[in-house]
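Commentary on secondary and tertiary structure
This is what each chain is made of:
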Amino acid sequence: MTELGSASTLGELLASHRRRRFVGRTSEVELFRAALESPEPQFLLLHIHGPPGIGKTRLLDVYAALASDAGAKVIRLDGRGLVPSPSAVLQALGVLEVPDAESHIARLSDDGRLVILFDTDERLRPLDEWVRSWLVPRLPATALTVLASQAAPDSAWRADPAWRELLRVVSLRNLSPEDSRQYLHACGVDPARVDKLVELAHGHPLGLSLLADVVVRGGEAAADPLTPDLVGILLRRFVEIVPSGQHRRALELCSLARVTTETLLREVLGRRMHTNCSPG
């Protein structure tokens, strides 16, 4: 384990601290490891999804480390820093000559196995069809791609029989009580206070992290889990990334109305809203 005395960069030190505090997700890690190590993996695209703060980015950190240790070439892209356009994604992949993009994409794995990790993929949803029908099919046949998003993949991925064979979808859930305790112990929380924090956070990784930070620094975690600071931070994380202004207006409506119906949403937002697009 890299500690302060042996870390050559701050990045290595940060990575060491993240590894020490990573708990749970055993099945998700083993699923990726099996695909990485198998000469004929059962899938080549893994889609993980879950609400903000559930640990998608930390899981991608683990995937990146596993792939790097296995000698794979790892490319990470984050939708928060990309314009949702094909040229921006290709440039992030290192494909600079867009007119000759196909040959450049095919050579991305010249140095070995290729692993591409897309974080905050909901920001790139306008490119979903392009990624599914153009980009990924042009990757080397052994490339392993991971998409991490708030929402489950579009039904078009499952509608194609070929993709159904090559796609795996994983919904990230809250941590178990035992994993929550393990995380709090790794953070240095007083064992006498661990069970209370587990009860307050309900296994939500970001909630656990915020509560651990409070008590490790000498603060008190209120008996009521819905403390203003905790709720405020969690709420900002949930609403900071919404697909469109229409979705944001729908969220604002839901926060004001005692009962939200499709009819009410349609009347207030001024256009027909499909049931599967309604918040909640």
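Look up a bit, the structure's there.
Given the structure is predicted, the values throughout are model-derived calculations rather than measurements.

1. Brief notes about the packing of helix α2 (residues 26–37) against helix α3 (residues 56–69)
The geometry of α2 relative to α3 is characterised by a closest axis approach of 10 Å and an angle of 30° between their N-to-C directions. With respect to α3, the axis of α2 lies roughly parallel. At the point where α2 passes α3, the crossing takes the right-handed sense. Here Glu-28, Val-29, Phe-32, Arg-33 and Leu-36 of α2 come into contact with α3, specifically with Leu-59, Val-62, Tyr-63, Leu-66 and Ala-67. For the contact of α2 with α3, the class distribution of residues is eight nonpolar, no polar and two charged.

2. A word on the nonpolar core
In this structure, Leu-77, Val-89, Leu-93, Ile-116, Phe-118, Leu-135 and Leu-139 are the most contacted members of the largest nonpolar core, which totals 26 residues. Looking at this core, the elements with two or more residues in it are β2 (73–78), α4 (86–92), α5 (101–106), β3 (114–119) and α6 (128–135). Setting aside anything within four residues of it in sequence, one finds Leu-93 in contact with Ile-75, Leu-77, Leu-108, Ile-116 and Leu-135.

3. Observations regarding the environment of Ile-116
With respect to the element layout, Ile-116 can be found in strand β3. The exposure class assigned to Ile-116 is buried, which follows from its relative accessible area of 2%. Between the alpha carbons of Ile-116 and Ala-64 there is a distance of 8.9 Å; along the sequence they are 52 residues apart. Once residues lying within four places of it in the same chain are set aside, the contact partners of Ile-116 are Ile-75, Leu-77, Leu-93, Leu-139, Leu-144, Thr-145 and Val-146.

4. Digging into the pairing of β3
Successive side chains on a regular strand alternate, one facing one side of the sheet and the next facing the other. Counting buried positions along β3 gives six out of six residues, so the element sits mostly inside the fold. Every second residue of β3 is oriented toward a common face, with Leu-114, Ile-116 and Phe-118 on one face and Val-115, Leu-117 and Asp-119 on the other, all of them buried. Bridge count between β2 and β3: six bridges; the pairing is parallel. The residue of β3 that forms the bridge with Val-74 is Val-115.

5. A word on the pattern of salt bridges
Tallied over the entire structure, the rule returns nine salt bridges. A salt bridge links Arg-181 to Glu-178; the nearest nitrogen and oxygen atoms lie 3.9 Å apart. Of this pair, Arg-181 and Glu-178 both sit in helix α9 (residues 177–186), separated by three residues, roughly a single helical turn. A salt bridge links Lys-196 to Glu-199; the shortest N-O distance between them is 3.8 Å. In this pair, Lys-196 and Glu-199 both sit in helix α10 (residues 191–201), three residues apart, roughly one turn of the helix. Residue class for Lys-196 comes out partly exposed when judged on its relative accessible area of 35%. Salt bridges sharing common partners tie together Arg-58, Asp-61 and Arg-76.

About the cut-offs
- Residues numbered from 1 in each chain as written.
- Predicted model: local features only at pLDDT ≥ 70, side-chain atom pairs only at ≥ 80, totals over all residues.
- Heavy atoms only, no water.
- Axes fitted to C-alpha atoms, helices over the stretch in contact; angles between N-to-C directions.
- Helix = DSSP H or I, 4+ residues; strand = E, 2+ residues; numbered from the N terminus.
- Parallel < 35°, antiparallel > 145°, perpendicular 65-115°, else oblique.
- Left-handed = near helix turned anticlockwise from the far one by under 90°.
- Contact = heavy atoms within 4.5 Å.
- Nonpolar A, V, L, I, M, F, W, Y, C, P; charged D, E, K, R; others polar.
- Core = buried A, V, L, I, M, F, W, Y, C linked by side-chain atoms within 4.5 Å.
- Buried < 20%, exposed > 50% of the residue type's maximum accessible area, 1.4 Å probe, protein only.
- Pairing = 2+ DSSP bridges.
- Salt bridge = Lys/Arg side-chain N within 4 Å of Asp/Glu carboxyl O.

Bear in mind that shape data such as this cannot, by itself, settle questions of function.
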